[in-house]
2 protein chains.
Amino acid sequence: MRIGQVAKRAGVNVETIRFYERKGLITQPPTNTGGYRQYPKEAIARIRFIKRAKELGFSLTEVLELLTLQTNPQATCADVKSRAEDKISTIHGRIKDLQKMRRSLERLAAACKGSGPLDECPIIDCFETNKKKEE
Amino acid sequence: MRIGQVAKRAGVNVETIRFYERKGLITQPPTNTGGYRQYPKEAIARIRFIKRAKELGFSLTEVLELLTLQTNPQATCADVKSRAEDKISTIHGRIKDLQKMRRSLERLAAACKGSGPLDECPIIDCFETNKKKEE
DNA sequence: CTTGACTCCGTACCATAGTACGGGGTTTAT
DNA sequence: ATAAACCCCGTACTATGGTACGGAGTCAAG
């Protein structure tokens, strides 16, 4: 199968496949006489693996680690599980940060009556002073 | 005040101030005879404004919008409030996405007993097939 | 056997938010 | 007056995950 077919079936761009190859996530397949890459069908599965791991928050570097683990006969579930748990906690941290931001913005938006000049806007005021406006 | 002082007091890097200037977030102040930038003390407040807005999730482009609004006498609280509300909802969306990821990972991690070879790992299995392992 | 679609490669570019560097000139303190 | 510390400018580089481009060669259908 040629790169275009693989790309279509895996749901990515041709350029993305070449990019993954440069990053070491995919090994370059044999080429035909014309120099075209000839992919086995497992290539599609590998690209989908990458997509799925990415969707769950793994960076390409981390996906590479996961893929490398797979070729290591000493690797066990524990290796994968610990990476998943690390990822869960970093995601958790990001959620906390975002919730903090959201709560602050909600407080400010609630304090803003939505009319009047900017120099009375509690949101702008907060940005200027980093204090809640004293009543 | 010179750039180094401003940077120190605002809690950013000198380079960052020059970067913000290039981005139009800060106007270039007058320079002394030697060509050094001479900042009024309001510059510190402006940089802190940028920092605070960034901490609440606004990108530099959005911060620029906010700052530009301030110079517009027609602008009202409503303009700021609507930007805050937009930001709240994009943050909300990101939280939802992250929660979805976290839930999926938690399900997978829970399904993984944490020992044994990788080809029996439900996490790897999910990445390969995007299905929950059938029992 | 020609045309269009596909692929090759290397490089440059996108956004984001800066950081780092190098070779100069300036200011300040001793 | 000299050295340290500061600042100037432009450019390049960081990380992340790709996308775009251009000129060339190849493959398949008519």
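Residues numbered from 1 in each chain as written. Chains lettered and ligands numbered in written order. Predicted model: local features only at pLDDT ≥ 70, side-chain atom pairs only at ≥ 80, totals over all residues. Heavy atoms only, no water.

## Describing the interface of chain B and chain A
The condition is simple: By definition in these notes, contact holds between two residues if any of their heavy atoms fall within 4.5 Å. Once two parts are put together, the accessible area they lose, assessed with a 1.4 Å probe and summed over both, is termed the buried area. What counts as a salt bridge is simple: a side-chain nitrogen of Lys or Arg found within 4 Å of a carboxyl oxygen of Asp or Glu. We call two N or O atoms a polar contact when they sit within 3.5 Å, provided that within protein one can donate a hydrogen and the other can accept it, with sequence-adjacent residues counted only if both atoms are side-chain atoms. Here a helix means four or more residues in a row that DSSP labels H or I, a strand means two or more in a row labelled E, and each is numbered from the N terminus. Ten residue types, Ala, Val, Leu, Ile, Met, Phe, Trp, Tyr, Cys and Pro, are classed as nonpolar, four, Asp, Glu, Lys and Arg, as charged, and the remainder, Gly among them, as polar.
At the interface, 50 residues of chain B touch 49 residues of chain A. A buried area of about 4400 Å², summed over both sides, lies between chain B and chain A, and 77% of it is on carbon and sulfur atoms. Where chain B packs against chain A, one counts zero salt bridges. Where chain B meets chain A, there are 14 residue pairs in polar contact (both at pLDDT 80 or more). For the side of chain B that touches chain A, the secondary structure elements donating two or more residues are helix 3 (42–55), helix 4 (60–70), helix 5 (77–111) and helix 6 (122–129) of chain B. In terms of residue count, the dominant contributor to the side of chain B that touches chain A is helix 5 of chain B (21 residues). Considering only residue class, the side of chain B that touches chain A consists of 27 nonpolar, 11 polar and 12 charged.

## Digging into the side chain of A:Glu21
Mapped onto the fold, A:Glu21 is located in helix 2 (residues 14–22). Apart from the residues lying within four places of it in its own chain, the contact partners of A:Glu21 are A:Ile26, A:Gln28, A:Pro29, A:Arg37 and A:Tyr39.

## Thoughts on helix 4 (residues 60–70) of chain A
To keep it simple, the criterion reads: Burial here depends on accessible area, computed with a 1.4 Å probe over protein chains only, as a share of the maximum for the residue type. Under 20% is buried, over 50% is exposed, and the range in between is partly exposed. What the arc covers is the set of directions going from the helix axis to the C-beta atoms.
Taken together, the buried positions of helix 4 of chain A are A:Val63, A:Leu66, A:Leu67 and A:Leu69. Burial along helix 4 of chain A is one-sided: seen end-on, the buried residues are contained in an arc of 155°. Elements in contact with the buried residues of helix 4 of chain A: helix 3 (42–55) and helix 5 (77–111) of chain A together with helix 6 of chain B.

## Focus: the protein's contact with DNA strand D
Basically, it comes down to this: Near, as used in this document, describes a residue that has one of its heavy atoms within 4 Å of the molecule or strand being considered.
The full set close to DNA strand D counts 22 residues, and A:Thr16, A:Tyr36, A:Lys54, B:Gly4 and B:Arg37 are the nearest of them. Among the atoms of DNA strand D lying within 4 Å of the protein, the sugar-phosphate backbone contributes 74%. Residue A:Thr16 places a side-chain N or O atom 2.4 Å away from a phosphate oxygen belonging to DNA strand D. Take B:Tyr36: an N or O atom from its side chain is 2.9 Å from a base oxygen of DNA strand D.

## Some details on the domain arrangement of chain A
Often, the extent of an interface is quoted as the loss of accessible area upon association of its parts. Residue and element names in this part refer to chain A. Going by this rule: Domain borders in the structure are assigned automatically or taken from a domain database.
Partitioning chain A into structural domains gives domain 1 (1–75) and domain 2 (80–135). Distance from the C-alpha centre of domain 1 to the C-alpha centre of domain 2: 39 Å. Taken together, the contact between domain 1 and domain 2 spans seven residues of the former and five residues of the latter. For the pair domain 1 and domain 2, the summed buried surface comes to about 510 Å²; carbon and sulfur atoms form 62% of the total. At the surface where domain 1 touches domain 2, the tally comes to two salt bridges. On inspection of domain 1 and its partner domain 2, the count reaches three residue pairs in polar contact (both at pLDDT 80 or more). Here the residues of the side of domain 1 that touches domain 2 are counted per class, giving four nonpolar, one polar and two charged.

## Concerning the packing of helix 4 of chain B against helix 5 of chain B
All names here are of chain B. Quick note on the threshold: An axis is simply a line fitted to the C-alpha atoms; with a helix, the fit covers only the stretch in contact. Between two such axes, the angle follows the N-to-C directions and lies from 0 to 180 degrees. In what follows, roughly perpendicular refers to angles from 65 to 115 degrees, roughly parallel to angles under 35, roughly antiparallel to angles over 145, and oblique to any angle outside these ranges. Put simply, a crossing is left-handed when the front helix is turned counterclockwise from the back one by less than a right angle, and right-handed when it is turned clockwise.
Interaxial distance between helix 4 and helix 5 falls to 10 Å at its minimum, and their mutual angle equals 165°. Our classification of the angle between helix 4 and helix 5 gives roughly antiparallel. The crossing of helix 4 and helix 5 is left-handed. Note on element contacts: helix 5 touches helix 4 through Asp 79, Val 80, Arg 83 and Lys 87, opposite Glu 62, Glu 65, Leu 66 and Leu 69. Among the residues forming the contact of helix 4 with helix 5, the class breakdown is three nonpolar, no polar and five charged.

## Regarding the protein's contact with DNA strand C
The environment of DNA strand C is made up of 22 residues, and the closest members are A:Tyr36, A:Arg37, B:Thr16, B:Tyr36 and B:Lys54. Each atom of DNA strand C within 4 Å of the protein was assigned to sugar, phosphate or base; sugar and phosphate come to 73%. Between DNA strand C and A:Arg18 there is a distance of 3.2 Å, counted from a phosphate oxygen to a side-chain nitrogen or oxygen. A:Arg37 is positioned such that a nitrogen or oxygen atom in its side chain is 2.6 Å from a phosphate oxygen of DNA strand C. Contributing elements (two or more residues each) for the surface near DNA strand C: helix 1 (3–10) of chain A together with helix 2 (14–22) of chain B. Residue contributions to the surface near DNA strand C peak at five residues, all from helix 2 of chain B. Of the residues assigned to the surface near DNA strand C, the class counts are six nonpolar, nine polar and seven charged.

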